[in-house]
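What follows is each chain in one-letter form.
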Amino acid sequence: QVQLVESGGGLVQAGGSLRLSCAASGRTFSSYAMAWFRQAPGNEREFVAAINRSGGNTYYADSVKGRFTISRDNAKNTVYLQMNDLQPEYTAVYYCAARPLLPIPYSDYRGYDYWGQGTQVTVSS
């Protein structure tokens, strides 16, 4: 089992940047593929980005390609989400998720085993 704790959320103006972190504890972090999802009020949880166990493969939702970068540091047991050029429509609670292997499809939140508590990102216009 793995425990996940997100941090780095906050209030930012449109066009600004934030870097989210997700710290993992418990089982060996490098044994898990990781992903970020977000959920706005009234909406279903939405895929943002995913990364495989080694960090060699990354995947993005079309809406964030070119703006967001997912990365991981297995020595620090942490996965990151660098978010640039943030827009008001990105306002949501951002969650990290883990699974031993990326599910198929990796964008389906129901395929992940472990979740953090979420961190709020608010983008003002």
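Residues numbered from 1 in each chain as written. Predicted model: local features only at pLDDT ≥ 70, side-chain atom pairs only at ≥ 80, totals over all residues. Heavy atoms only, no water.

Draft legend 1. Region of the structure containing the overall build of the protein. Secondary structure assignment for the protein yields zero helices and eleven strands. Going residue by residue from the N terminus, the α and β elements of the protein occur as β-β-β-β-β-β-β-β-β-β-β. A globule of 125 residues ought to have a C-alpha radius of gyration of about 14 Å, and the protein, at 13 Å, matches this closely. If you line up the protein on its principal axes, its C-alpha atoms span 40 × 25 × 25 Å. Counting every position in the protein, which comprises 125 residues, the buried fraction comes to 42%. Taking the contacts inside the protein whose residues are at least 6 apart along the sequence as the reference set, 59% of them involve residues at least 24 apart. Once the 11 positive and 9 negative side-chain charges of the protein are each reduced to a mean point, those two points are 7 Å apart. (Helix = DSSP H or I, 4+ residues; strand = E, 2+ residues; numbered from the N terminus. Rg over C-alpha atoms; globule rule 2.2 N^0.38 Å. Buried < 20%, exposed > 50% of the residue type's maximum accessible area, 1.4 Å probe, protein only. Contact = heavy atoms within 4.5 Å. Lys, Arg positive; Asp, Glu negative; His and termini not counted. Charge placed at Lys NZ, Arg CZ, Asp CG, Glu CD.)

Draft legend 2. Broad picture of the state of the cysteines. For the coordinates displayed, the defined rule picks out one disulfide. Two residues, Cys22 and Cys96, share a disulfide whose sulfurs are 2.0 Å apart. Residues Cys22 and Cys96 are joined by a disulfide whose S-S torsion is about 50°; by sign, that bridge is right-handed. Separated by 74 residues along the polypeptide, Cys22 in strand 3 (residues 18–26) and Cys96 in strand 9 (residues 92–99) bring together distant segments of the chain. Since its relative accessible area comes to 0%, Cys96 is described here as buried. (Disulfide = S-S within 2.5 Å.)

Draft legend 3. Fine view of the environment of Thr122. Positionally, Thr122 belongs in strand 11 (residues 119–124). Between the C-alpha atom of Thr122 and that of Leu18, which follows or precedes it by 104 residues, the distance is 10 Å. Once residues lying within four places of it in the same chain are set aside, the contact partners of Thr122 are Gly10, Leu11, Val12 and Thr91. At 3.3 Å, the side chain of Thr122 and the side chain of Gln120 are in polar contact. (Polar contact = N/O pair within 3.5 Å; in protein donor to acceptor, adjacent residues only side chain to side chain.)

Draft legend 4. Seen up close, the environment of Arg99. Within the secondary structure, Arg99 sits in strand 9. Among residues more than four places away in sequence, those in contact with Arg99 are Tyr32, Ala33, Gly111, Tyr112 and Asp113. Engagement of the side chain of Arg99 in a polar contact is seen with the backbone oxygen of Gly111, the distance being 2.7 Å.

Draft legend 5. Seen up close, the pairing of strand 9. Along strand 9, seven of the eight residues are buried, which leaves the element largely enclosed by surrounding structure. Bridge analysis of strand 4 (residues 33–39) against strand 9 gives seven bridges, and the strand direction is antiparallel. Counterpart to Ala35 in the pairing with strand 9 is Ala97. Pairing analysis gives three bridges linking strand 9 to strand 11, with the strands arranged antiparallel. Looking at the pairing, Ala92 lines up with Val121 of strand 11. By the bridge criterion, two bridges tie strand 9 to strand 10 (residues 114–115) in an arrangement that is antiparallel. Residue Ala97 lies in a different strand from strand 10, and its bridge partner there is Trp115. (Pairing = 2+ DSSP bridges.)

Honestly, that's just the spatial picture; any functional story needs more than this.
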